[in-house]
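# Secondary and tertiary structure notes
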Amino acid sequence: DTAVSQTPKYLVTQMGNDKSIKCEQNLGHDTMYWYKQDSKKFLKIMFSYNNKELIINETVPNRFSPKSPDKAHLNLHINSLELGDSAVYFCASSQDWNNQPQHFGDGTRLSIL
Amino acid sequence: QKEVEQNSGPLSVPEGAIASLNCTYSDRGSQSFFWYRQYSGKSPELIMSIYSNGDKEDGRFTAQLNKASQYVSLLIRDSQPSDSATYLCAVILTGGGNKLTFGTGTQLKVEL
């Protein structure tokens, strides 16, 4: 069973479109995260939710809106996609927000045409 | 100074040798440190976590932590070609909500 699963795995779309990425974890973890890995492979946190509450919101354009319907799910909606949004987006989860190791999903490769 | 620094490499070692990967961090109050392995096109995979000064061994991997020097390292003994990957050092910084902050990664190549 996949512990942290993301859909879709690949997303190719036009500039200006709106798209969503879904993430689910079956580990019973309280905390979930979204990361962006750019073309230089640098992995940077975007958002973190603990028990459905937003606890980390890095300097991310407000075109990006996370939503956590329950603690097992964290989705990412992106409005008005731009070329610079092309990257791999990783979802992760941890037991709680207090220094626990994080486990990553397989990633969603977003390409903007 | 970057919050978490690693040499980007590539670090090339012959098969069977010890690979030594190094990482320094800027936040003196950090208490949690992790090493992730990332194969090309794949997600980061946790291989070691360390919280106390000293060495922690798990199979062929040894993590070493020196909080006074703000230094964490990963040793891979008996390196295999399958160890060829990018190794990411990650540190939970004490300010700003316990963010896990990654270094840029060191690319390791194990040659036959």
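Because the structure is a prediction, the values reported are computed rather than measured. (Residues numbered from 1 in each chain as written. Chains lettered and ligands numbered in written order. Predicted model: local features only at pLDDT ≥ 70, side-chain atom pairs only at ≥ 80, totals over all residues. Heavy atoms only, no water.)

Attention shifts here to the overall build of chain A. What chain A contains, in helices and strands, is 0 helices and 11 strands. Listing each helix as α and each strand as β along chain A from the N terminus yields β-β-β-β-β-β-β-β-β-β-β. Against the 2.2 N^0.38 benchmark of 13 Å for 113 residues, chain A shows a C-alpha radius of gyration of 13 Å, consistent with a compact globule. When its C-alpha atoms are laid out on the principal axes, chain A stretches across 35 × 30 × 25 Å. Residue pairs at least 24 apart in sequence account for 55% of intrachain contacts in chain A once pairs closer than 6 positions are excluded. Roughly 5800 Å² of accessible area belongs to chain A as shown, and the carbon and sulfur atoms make up 47% of that amount. Both charge centroids of chain A, one from 12 positive and one from 12 negative side chains, sit 6 Å from each other. (Helix = DSSP H or I, 4+ residues; strand = E, 2+ residues; numbered from the N terminus. Rg over C-alpha atoms; globule rule 2.2 N^0.38 Å. Contact = heavy atoms within 4.5 Å. Areas by Shrake-Rupley, 256 points an atom, 1.4 Å probe, with all protein chains shown as cover. Lys, Arg positive; Asp, Glu negative; His and termini not counted. Charge placed at Lys NZ, Arg CZ, Asp CG, Glu CD.)

Right, let's get into the sheet that holds strand S3 (residues 19-25) of chain A. What links the strands of a sheet is backbone hydrogen bonding, and the strands pair in either a parallel or an antiparallel sense. Residues and elements named next belong to chain A. Within the open sheet, the 4 strands sit side by side as S1-S3-S8-S7. Their pairing is antiparallel. With one partner strand each, in any of the chains shown, strand S1 (4-7) and strand S7 (64-70) form the two edges of the open sheet. Strand-to-strand twist in this sheet, taken as the mean axis angle between neighbours without regard to direction, amounts to 20 degrees. Strand direction decides the pairing type here: S1 and S3, joined by 4 bridges, are antiparallel. If you follow Gln6 over to S3, its bridge partner there is Cys23. (Pairing = 2+ DSSP bridges. Axes fitted to C-alpha atoms, helices over the stretch in contact; angles between N-to-C directions.)

A cluster of basic residues, Lys9, Lys41 and Arg109 of chain A together with Lys42 of chain B, forms a positive patch at the surface. Among the residues examined, Lys41 of chain A registers a relative accessible area of 47% and is labelled partly exposed. (Patch = residues over 30% accessible without salt bridge, like charges linked within 9 Å, V, L, I, M, F, W, Y side chains within 5 Å. Salt bridge = Lys/Arg side-chain N within 4 Å of Asp/Glu carboxyl O. Buried < 20%, exposed > 50% of the residue type's maximum accessible area, 1.4 Å probe, protein only.)

Turning to the state of the cysteines, a few remarks are in order. All names here are of chain A. Counted by the stated rule, this structure contains 2 disulfides over all chains. Covalently, Cys23 is tied to Cys91 through a disulfide, its sulfur atoms 1.9 Å apart. Across the S-S bond of Cys23 and Cys91 the torsion is about -80 degrees, and the bridge reads as left-handed. Here Cys23, found in strand S3, pairs with Cys91, found in strand S9 (residues 87-94); they are 68 residues apart in sequence, far enough to count as distant. (Disulfide = S-S within 2.5 Å.)

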